[in-house]
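Residue strings, one per chain:
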Amino acid sequence: MNFKYIAVLLILILVIACSLDYENPLDPNNSGIDVPPKVRGLNVVLTWQDSVYITWHPITNSQIDGYYLYRSLDENGYYRPLTEANLSPVDTLYKDSEVNIVQKEYWYKISAFKAVADTVLEGYRSEPETWN
């Protein structure tokens, strides 16, 4: 007899717990937090043989905390982050001087990010770009 009451009580607690509304601060559909938009206007310019200048259009009217810049040796390959390139929201230029232009072609992508709670919410990465 007691088992029936305990089972009913557990089912009732489970139903009530499932019906509670939880907020996820990283859920862009329900949190009120906007995902950073895709960065546009990525442009890569080769200068001499030891550096590459990367420029982009800044994201305006948006609350972002900076940009991440990525580099790859192949357009569709793995893009590793340039760890020193955690750029501020006002930056629109980065000089990549750790390249070997004579032997390799480099591809770049960029994304915007914002700090949310104790984590970082990264927006979509741009289309890959290299020098012409």
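Structure shown above.
If you're wondering where the values come from, they're calculated on a predicted model, not measured in any experiment. (Residues numbered from 1 in each chain as written. Predicted model: local features only at pLDDT ≥ 70, side-chain atom pairs only at ≥ 80, totals over all residues. Heavy atoms only, no water.)

K.L.:
Residue-level account of the nonpolar core, with values.
P.N.:
Val52, Ile54, Trp56, Tyr67, Tyr94 and Tyr108 are the most contacted members of the largest nonpolar core, which totals 21 residues. At the level of secondary structure, the elements contributing two or more residues to this core comprise β2 (51-55), β3 (66-72) and β6 (107-116). The biggest single contributor to this core is β6, with 3 residues. Core analysis: the second largest hydrophobic core is formed by 5 residues, Tyr68, Tyr70, Trp107 and Phe113 among them. (Core = buried A, V, L, I, M, F, W, Y, C linked by side-chain atoms within 4.5 Å. Buried < 20%, exposed > 50% of the residue type's maximum accessible area, 1.4 Å probe, protein only. Helix = DSSP H or I, 4+ residues; strand = E, 2+ residues; numbered from the N terminus.)

K.L.:
I'd like to hear about the sheet that holds strand β4 (residues 80-81), residue by residue, with values.
P.N.:
Read across the sheet, 4 strands follow the order β4-β3-β6-β7 without closing on themselves; strand pairing throughout is antiparallel. The open sheet terminates on both sides in strands that have one partner only, identified here as β4 and β7 (119-122). The sheet contact formed by β3 and β4 spans 2 bridges and is antiparallel. Within the sheet, the bridge partner assigned to Tyr70 lies in β4 and is Pro81. (Pairing = 2+ DSSP bridges.)

K.L.:
Talk me through helix α1 (residues 2-19); I want residue IDs and the actual numbers.
P.N.:
An ideal rise of 1.5 Å per residue puts 26 Å on 18 residues; α1 measures up with 26 Å between its terminal C-alpha atoms. Of all 18 residues in α1, 0 are buried; the element is thus mostly exposed. (Expected span 1.5 Å × (residues − 1).)

K.L.:
So what's going on with the packing of aromatic side chains? Which residues, and what values?
P.N.:
Pairs of aromatic rings are described using the distance from one ring centre to the other and the angle between the two planes. Within the structure shown, the criterion is met by 3 aromatic pairs. An angle of 20° between the planes, with centres 4.4 Å apart, marks the rings of Tyr68 and Phe113 as stacked. Note that Tyr68 is positioned in strand β3 and Phe113 in strand β6, a separation of 45 residues in sequence. Phe113 shares its class with Tyr68; the two are buried. Judged by centre distance (6.4 Å) and plane angle (50°), the ring pair of Tyr106 and Trp131 falls under tilted. Of this pair, Tyr106 sits in the loop between β5 (93-96) and β6 while Trp131 sits in the segment after β7, and the two are 25 residues apart along the sequence. (Phe/Tyr/Trp six-rings, centres within 6.5 Å; stacked < 30°, edge-to-face > 60°.)

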